[in-house]
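The lines below spell out each chain.
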Amino acid sequence: MDHPPRDLLSAIARDVIAGFDPRKSIARHGSEFPNPSRLLEELRAHVEREATPDARRKIAESLAKSFPNTFVSLDFYCETFKRELKKSSLIRLRSRAASLQPKSKIATVRLAEALESDGQMLAALEVMRAAIRSGLSDEILSFKAGYYANLSGDHSQALEFYKKALKAEVHHRTLLNMASAARHIGDFELSEASSKRAILLRPDIWDAYYNLGNLRREIGNVQDAVRQSARAEKLKPESASVKWNLSHALMASGDFAKGFKVYRDRWFFDGFPTRIRYPGISNVDSVKGLTGSLFVYCEQGVGDNLLFARFIPKLLEQLPEAVTATFECYQSVLNLLQNSFPQAKIVPYDKTLREGYDFYLPLFDVPALLGIADVSGQAFPYIVPSPRPELPTISSSRPKVGIVWAGNPKFTHDQQRSAKIDDIDGLFEGLNADFYCFQKGRDEGVISERHPDVVDLAPHLTDFEATAVLMQQMDVVVSTCTSTANLAGALGKKGIVLTGPARDWRWMTGRTSDWFPSLTILQRSRTQSWESFFVDARHELARILEHI
């Protein structure tokens, strides 16, 4: 008999549900089927097919207690209760199950996935590596190893695993992940070829167009990035990540009218770093017909507060007279924005939700509300600090250059946009200028040890108004993609912004951005070191200094 009869399996299941010991029930009913291990496997399959959720839970728990050293019972228990178990408990049980079946691909993959759920990507990767080293290799294991290597940031190793997976089986899923890994190491040719190969296998695969959109935007072909992202949206209109990418491509291309409308779906994208603070009541679609009070609340970073503050006067102009508007901003820019926009009521950010307003509007939805189609033509400076007599007056016979090389380390992709102090040496060589350090937080206070001729202004930078007062005295500002770059642009200062490989939509394409025309934008390639990038910045700075 190859398979136990259905009646036999049902009888055992009924016994277990009634509270009988599974071992005794199997011994009583299973005498006609002499393979107890196979009987346990068939019982599990039968219960998964036919039992109610409550019955399944009771049977899974009873089997795990009666057969604690059997892979089938442990795996069944984990699958049934994985959403309720503590992550540490799930990992422990998955590890035990994998030790009972060291040659089981299912056991290996599920242990790795348990580690992944706990954020232990390197440990998950090592599980896959160990399985492959033991000879347990196929398309699935190589694919998963590549997946964990990719998540761990080792994109080169991920590519090697994906290549092994493709040798075992050509699958569109592997090609898509290979395209992503290749883009991260700057192999754009392989990235594009992998995406196109995936499309040949699955013409309806939205992910491939999603990847191509990312690739095109990174290499500066934003018009094609828009086309590829739009194809992805047509195939996957419900995907928030697809809309996220499309909005970025549209705005990078200068199509703000469409871009900001699509960007209103950002709250549904899991990768968006800000959570909506007033769910269900961000209910403004048009300035027409508004009455009562409007609260515009801040989101994302401090630099974004500075960037979008330009829209305050225009929103106030377009609001009906009967509407009173209140604008929220972060505490560090409160004084600066209150002085810059005295006609507006501006209050500090408060984690406690502000109740009592008739309408609520997220800051980044202001352009869509106003129908903004063009951000050029802004008068500069639009940020004006109040006098701070306690701050030093900086005088020099040579051009004054402010520098910042790193931002907030808590930012999701900070490794792409922040350098280390060891990387910036090449900026200073041979330039007829005086340098002033605006670096706060990371590496604060260490510039003088490495470069004694650089004046450290950090002790004076108590808030962004103080920073603005001192930055006004600079001739040029060199900054990585941080709030300092936004401040320099809002002040109308000449400057150089050093962006990472995945250039943010705010900096658009080419060497300038419509948002801040006084700034020159330089983009680091995936294969370029920060040291080399700062040498490029020095050459650009030398050109700017020639005209000062």
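So, here is what we can say about the structure in this document. Just so you know, these numbers come straight off a predicted model, no measurement behind them.

### With respect to the nonpolar core
Generally speaking, a soluble globular protein has its nonpolar side chains buried in company with each other. By size, the foremost hydrophobic cluster in this structure holds 78 residues, and its most contacted members are Leu315, Ile383 and Trp515. Ranked by residue count, the leading element in this core is helix H23 (residues 464–471), at six residues. With residues near it in sequence (within four places) discarded, Leu315 still touches Val287, Leu294, Val296, Phe327, Val366, Leu369 and Leu370. If you look at the next biggest cluster of nonpolar residues, it comprises 67 residues, including Cys78, Ala149, Leu159 and Met178.

### Some thoughts on the side chain of Ser66
When you line up the elements, Ser66 lands in helix H4 (residues 53–66). Ignoring any residue separated from it by four or fewer positions in sequence, one finds Ser66 in contact with Asp21, Pro22 and Arg23.

### What about the pattern of salt bridges?
As a working rule, side chains carrying opposite charge can pair if their charged atoms are close by. In this structure the tally under the stated criterion is 43 salt bridges. A salt bridge links Arg6 to Glu50; the shortest N-O distance between them is 2.7 Å. In this pair, Arg6 sits in helix H1 (residues 6–17) while Glu50 sits in helix H3 (residues 36–50), placing the two residues 44 residues apart along the sequence. Taking the relative accessible area as the measure of exposure, Glu50 reaches 38% and is therefore partly exposed. For Arg398, the salt bridge is made with Asp434, and the minimal N-O distance between the two is 2.7 Å.

### Regarding the state of the cysteines
Scanning the model with the defined rule gives zero disulfides in all. Left unpaired, Cys437 is separated from the closest cysteine sulfur, that of Cys481, by 18 Å. Its relative accessible area of 2% is what places Cys437 among the buried residues.

### Observations concerning helix H10 (residues 155–168)
With 14 residues, H10 should cover 20 Å at 1.5 Å per step; its first-to-last C-alpha distance of 20 Å lies within 8% of that length. Turning to H10, the residues buried within the fold contact helix H8 (121–133), helix H9 (139–151), helix H11 (172–184) and helix H12 (188–201).

### Notes on unusual backbone geometry
In this structure, the amide linkage connecting Phe380 to the following residue, Pro381, adopts the cis form with an omega of -5 degrees. Despite not being glycine, Gln300 shows a phi value in the positive range, around 60 degrees. If you trace the backbone, Gln300 turns up in the loop between strand E1 (292–297) and helix H17 (302–308). Of note, the phi angle at Met508 is positive, near 55 degrees, even though the residue is not glycine. For Met508, the location among the structural elements is in the loop between strand E9 (494–499) and strand E10 (519–523). Looking at Met508, the relative accessible area reads 10%, which means it is buried.

### Quick word on the environment of Asp204
Relative to the elements of secondary structure, Asp204 occurs in the loop between H12 and helix H13 (206–218). Given a relative accessible area of 43%, Asp204 falls into the partly exposed group. A sequence separation of 27 residues divides Asp204 from Arg231, and the C-alpha atoms of the two residues are 9.7 Å apart.

What counts, and at which threshold
Residues numbered from 1 in each chain as written. Predicted model: local features only at pLDDT ≥ 70, side-chain atom pairs only at ≥ 80, totals over all residues. Heavy atoms only, no water. Core = buried A, V, L, I, M, F, W, Y, C linked by side-chain atoms within 4.5 Å. Buried < 20%, exposed > 50% of the residue type's maximum accessible area, 1.4 Å probe, protein only. Helix = DSSP H or I, 4+ residues; strand = E, 2+ residues; numbered from the N terminus. Contact = heavy atoms within 4.5 Å. Salt bridge = Lys/Arg side-chain N within 4 Å of Asp/Glu carboxyl O. Disulfide = S-S within 2.5 Å. Expected span 1.5 Å × (residues − 1).

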